[in-house]
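The lines below spell out each chain.
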Amino acid sequence: MEVEEEDALAAAAASAWPGSSRRRHLLQFLLHASKRLDLRPIVKYSALEFFASRFLPALPRKMGYCGARSRRAVRSWLLEPLRDSNLELFALVAVWVASKIHDLRPLSVKSLKALGDRIISDQHFTCRDFADAELLFMEVVEHNIGSSSIAFIYLEELVIHFREISKLGDLLDLDVCMEILDILYETEDTSLLFNSPCSLAASTLVAGYVISVPKQTWEFPILPWGLLHHMMKRKS
């Protein structure tokens, strides 16, 4: 009975991980790092997806926190204890992994270390630490780093299509749409939306349209078109 209670407490702790304020801090850190590194949007949003939607949710299970009798799948001083500085290191590693996938000339570990020395408080990490953290990162996410189902990719496709069929598409500000995505990533209550990236992209496009396109030019049936495009995308 005591073991079952311990399991329940551990599972509850895992479900509350990492907590709203800590999660927001880590994602703001990643967004700040992306700005400092002047990342292309696809690299930035791939890093956000890898870190926020794959690494953080998987970490309690890999650390053995999903039950008192769970066996730890990973052990490292980079994860024990889980300080904010260590998690910030893994946020930079997510950026590194995304850059290796999408950039012809990926970010170097030296550039990431130099940035980490400036923006990670309380601790300095070596190039070897970054390399070790990358191996741990891949182990935690179980090499699940495909980026074909990221909301930004669907959003970009929608914007291109919209601009092909309507002149109003030129008035749509993609930067506004990306700011909306940033806010959604930072907000824990909306993080579940990223489980449906196509729907999220269509919703973001509509919100960006309402914000950036002058009201007097609202002639395009953006809501029916966005819904139709979403349904066709799901069928395909």
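The name recorded for the protein in an unreviewed UniProt entry is Cyclin N-terminal domain-containing protein, from Urochloa decumbens. The UniProt entry for the protein carries the following comment under Sequence similarities (unreviewed entry): "Belongs to the cyclin family."

Enquirer: Explanation requested: the nonpolar core in the structure shown.
Expert: Considering soluble globular proteins, one finds that nonpolar side chains tend to be buried as a cluster. If you look at the biggest cluster of nonpolar residues, it comprises 73 residues, and the most contacted ones within it are Phe51, Phe55, Phe90 and Phe137. Elements with a contribution of two residues or more to this core: helix H2 (20-37), helix H3 (41-62), helix H4 (84-102), helix H5 (109-119), helix H6 (127-140), helix H7 (151-165), helix H8 (174-186) and helix H9 (197-212). When residues no more than four places from it in sequence are discounted, the contact partners of Phe90 are Phe51, Phe55, Leu78, Leu79, Ala133, Leu136 and Phe137.

Enquirer: What am I meant to see in the packing of H7 against H8 here?
Expert: Pairs of packed helices are described in terms of their axes, by the angle between the two and the distance that separates them. As a packed pair, H7 and H8 sit with axes 11 Å apart at the nearest point and diverge in direction by 155°. One way to sum up the angle between H7 and H8 is to call them roughly antiparallel. Along this stretch, H7 crosses H8, giving a crossing that reads as right-handed. Residues Ala151, Phe152, Leu155, Val159 and Arg163 of H7 touch H8, and the partners they reach there are Leu174, Cys177, Met178 and Leu181. A per-class count over the contact of H7 with H8 returns eight nonpolar, no polar and one charged.

Enquirer: Where do I start with the packing of aromatic side chains in this structure?
Expert: The geometry of an aromatic ring pair is captured by two quantities: the separation of the ring centres and the angle between the planes. Following the criterion strictly, the structure yields seven aromatic pairs and no others. Ring geometry for Phe51 versus Phe55: centroids 5.8 Å apart, planes at 15°, classification stacked. Residue Phe51 and its partner Phe55 are located together in helix H3, separated by four residues, close to a single helical turn. Pairwise contacts between aromatic rings join Phe51, Phe55, Phe90 and Phe137 into one cluster. Lying across the ring of Trp96, Lys100 places its NZ or CZ 4.0 Å from the centre.

Enquirer: For this particular structure, what's the right way to read the pattern of salt bridges?
Expert: Any two side chains of opposite charge can pair, on the condition that their charged atoms come close. Inspection of every chain in the model, using the stated rule, returns eight salt bridges. For the salt bridge of Arg40 with Asp103, the shortest nitrogen-to-oxygen distance reads 3.1 Å. Linking Arg40 in the loop between H2 and H3 with Asp103 in the loop between H4 and H5, this pair joins segments that are 63 residues apart in sequence. Here Glu134 makes a salt bridge to Lys100, at a shortest N to O gap of 2.8 Å. Within this pair, whereas Glu134 is found in helix H6, its partner Lys100 is found in helix H4, the two being separated by 34 residues in sequence. Judged by relative accessible area, Lys100 falls into the partly exposed class, the value being 39%.

Enquirer: Got a minute to help me understand unusual backbone geometry in this structure?
Expert: Of all residues except glycine, most have a negative phi; of all peptide bonds, most are trans. In this model, Glu80 is joined to Pro81 through a cis peptide bond whose omega is -5°. Tracing the sequence through the fold places Pro81 in the loop between H3 and H4. Positioned with a positive phi, Asp38 is a non-glycine residue whose angle comes to about 55°. In the Ramachandran plot, Asp122 falls in the positive-phi region, its phi being about 80° despite a non-glycine side chain. By secondary structure assignment, the location of Asp122 is in the loop between H5 and H6. Residue classification places Asp122 among the exposed positions, given a relative accessible area of 79%.

Cut-off values and rules
- Residues numbered from 1 in each chain as written.
- Predicted model: local features only at pLDDT ≥ 70, side-chain atom pairs only at ≥ 80, totals over all residues.
- Heavy atoms only, no water.
- UniProt positions renumbered as here; feature names shortened; annotations may be inferred.
- Core = buried A, V, L, I, M, F, W, Y, C linked by side-chain atoms within 4.5 Å.
- Buried < 20%, exposed > 50% of the residue type's maximum accessible area, 1.4 Å probe, protein only.
- Helix = DSSP H or I, 4+ residues; strand = E, 2+ residues; numbered from the N terminus.
- Contact = heavy atoms within 4.5 Å.
- Axes fitted to C-alpha atoms, helices over the stretch in contact; angles between N-to-C directions.
- Parallel < 35°, antiparallel > 145°, perpendicular 65-115°, else oblique.
- Left-handed = near helix turned anticlockwise from the far one by under 90°.
- Nonpolar A, V, L, I, M, F, W, Y, C, P; charged D, E, K, R; others polar.
- Phe/Tyr/Trp six-rings, centres within 6.5 Å; stacked < 30°, edge-to-face > 60°.
- Lys NZ or Arg CZ within 6 Å of the ring centre and 35° of its normal.
- Salt bridge = Lys/Arg side-chain N within 4 Å of Asp/Glu carboxyl O.

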